[in-house]
Amino acid sequence: MVLVYESDPLDDEHARGRFYHVCRGRIDQTPLNVPELDRPYECPQCGIDLEAEDFFMALQKGSV
């Protein structure tokens, strides 16, 4: 699992949910935005590339 999607429907400010990266077994508490199609997010610590498709899969499953 490298991405976690959390959604709280009662949270008016962040009702769409948030994405978090799981880096080296720990959830980084910095929310991530879906990256542009041609510019994946690269984690500076573990070096993994997260593409827009990974975020959409996490949205459907809750985590990837």
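Please refer to the structure placed before this passage.
Residues numbered from 1 in each chain as written. Predicted model: local features only at pLDDT ≥ 70, side-chain atom pairs only at ≥ 80, totals over all residues. Heavy atoms only, no water.

In total, this model carries two aromatic pairs according to the counting rule given. Measuring from centroid to centroid gives 5.1 Å for Phe 19 and Phe 55, while their planes differ by 75 degrees, and the two rings are edge-to-face. Taken as a pair, Phe 19 in strand β2 (residues 18-23) and Phe 55 in helix α1 (residues 52-61) lie far apart in primary sequence, 36 residues in all. Residue classification places Phe 19 among the buried residues on the basis of a relative accessible area of 9%. (Phe/Tyr/Trp six-rings, centres within 6.5 Å; stacked < 30°, edge-to-face > 60°. Helix = DSSP H or I, 4+ residues; strand = E, 2+ residues; numbered from the N terminus. Buried < 20%, exposed > 50% of the residue type's maximum accessible area, 1.4 Å probe, protein only.)

With that out of the way, let us pick up the sheet that holds strand β1 (residues 3-6). Strand order in the open sheet formed by three strands is β1-β2-β3, with antiparallel pairing between adjacent strands. What marks the edges here is a single partner per strand, and that holds for β1 and β3 (26-27). Where β1 and β2 come together, four bridges link them in antiparallel fashion. Bridge pairing links Leu 3 to His 21 in β2. This element, α1, spans β1 and β2 of the sheet and lies at about 50 degrees to β1. (Pairing = 2+ DSSP bridges. Contact = heavy atoms within 4.5 Å. Axes fitted to C-alpha atoms, helices over the stretch in contact; angles between N-to-C directions.)

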